[in-house]
Amino acid sequence: MTTTATRSTDERMLPAAAHPDSTTARLIDQHLLTRRITVALSLAVIGAIHILDLPSKFAETPYLAFAYIGIIIAAAVLIERVLIVGSRIDFLAAAALSAAVIVGFVINRTVGMPMATGDIGNWLEPLGLLSLAVEFFAIWQSLVAALVYHRKAR
């Protein structure tokens, strides 16, 4: 019995790196921090791309400009949520926003939007391609972060 008590006392005195559970938890936290930053930066780029395209949308189709403003505001709110709270729901919301923007892009390029058929078939617009790349990256990073967060919660 004394050996057990001494052993547990000795284990408590070891540095945190010597405890496998502590090391794993620290690695998961570092991994999540990296994902939080990449998701936040991706959302910032998505918002910036839509800010750049906003003036032309007000001139062409004002209702799409208001949709862009919604995307920009949602991205800003999610940036704060991901950086400050960083819950699994925040990551899933970031993935959902990015997926919704991709769906809007595809609809706009295939069948067009009401009163906005000028972009049908315009798949190679540089700003649109950049937006798609960043949105797919945001989805990937967000889903991986949500998965890591889920494993951490176990």
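Nothing here was measured: the structure is a model prediction, and the numbers come from that model. (Residues numbered from 1 in each chain as written. Predicted model: local features only at pLDDT ≥ 70, side-chain atom pairs only at ≥ 80, totals over all residues. Heavy atoms only, no water.)

The next point concerns unusual backbone geometry. The general pattern is negative phi for most residues beyond glycine and trans for most peptide bonds. A positive phi is found at M115, a non-glycine position, where the angle reads about 60°. In this fold, M115 is placed in the loop between α4 (88–110) and α5 (126–153). The class of M115 is exposed, set by a relative accessible area of 72%. (Helix = DSSP H or I, 4+ residues; strand = E, 2+ residues; numbered from the N terminus. Buried < 20%, exposed > 50% of the residue type's maximum accessible area, 1.4 Å probe, protein only.)

So, on to the pattern of salt bridges. In the structure shown here, the tally under the stated rule is five salt bridges. Put simply, K57 and E60 hold a salt bridge, and the shortest N to O gap is 3.4 Å. Separated by three residues within a single helix, K57 and E60 lie in helix α2 (residues 20–60), roughly one turn from each other. Here the salt bridges share partners, and the residues they tie into one network are K57, E60, R109, D119 and E125. (Salt bridge = Lys/Arg side-chain N within 4 Å of Asp/Glu carboxyl O.)

What follows concerns the nonpolar core. Judged by nonpolar contacts, the single largest core of 17 residues is most densely connected at L32, V39, L43, I46, F91 and L97. Secondary-structure elements contributing two or more residues to this core are α2, α3 (62–84), α4 and α5. For this core, the element with the highest residue contribution is α5, accounting for five residues. Apart from residues lying up to four places away in sequence, V39 is in contact with V82, F91, A94, Q141 and S142. (Core = buried A, V, L, I, M, F, W, Y, C linked by side-chain atoms within 4.5 Å. Contact = heavy atoms within 4.5 Å.)

For the rest of this paragraph, the subject is the environment of I89. Tracing the sequence through the fold places I89 in helix α4. For the pair I89 and S142, spaced 53 residues apart in the sequence, the C-alpha separation amounts to 9.9 Å.

Along the chain, A116 turns up in the loop between α4 and α5. The buried category is assigned to A116, whose relative accessible area is 12%. Note: C-alpha distance between A116 and E60 (56 residues apart in sequence) is 7.6 Å. Every residue in contact with A116, bar those within four places of it in the chain, is listed here: T61, L64 and N108.

Among the structural elements, S142 can be located in helix α5. Once residues within four sequence positions are removed from consideration, S142 is found in contact with V39, F91, A94 and A95.

This next bit is on the environment of V101. In this structure, V101 sits in helix α4. Residue V101 is classed as buried on the basis of its relative accessible area of 9%. Each C-alpha atom, one on V101 and one on L132, is 8.4 Å from the other, the two residues being 31 residues apart in sequence.

Counted according to the given criterion, the structure contains three aromatic pairs. Here the aromatic rings of F58 and F66 are separated by 5.8 Å at their centres, their planes lie at 85°, and the arrangement is edge-to-face. Using a relative accessible area of 37% as the deciding quantity, one classes F58 as partly exposed. The class of F66 is exposed, set by a relative accessible area of 53%. Centroid distance F137 to W140: 5.5 Å. Interplanar angle 80°. Geometry classified as edge-to-face. Within this pair, F137 and its partner W140 are both found in helix α5, separated by three residues, close to a single helical turn. For F137, a relative accessible area of 33% corresponds to the partly exposed category. (Phe/Tyr/Trp six-rings, centres within 6.5 Å; stacked < 30°, edge-to-face > 60°.)

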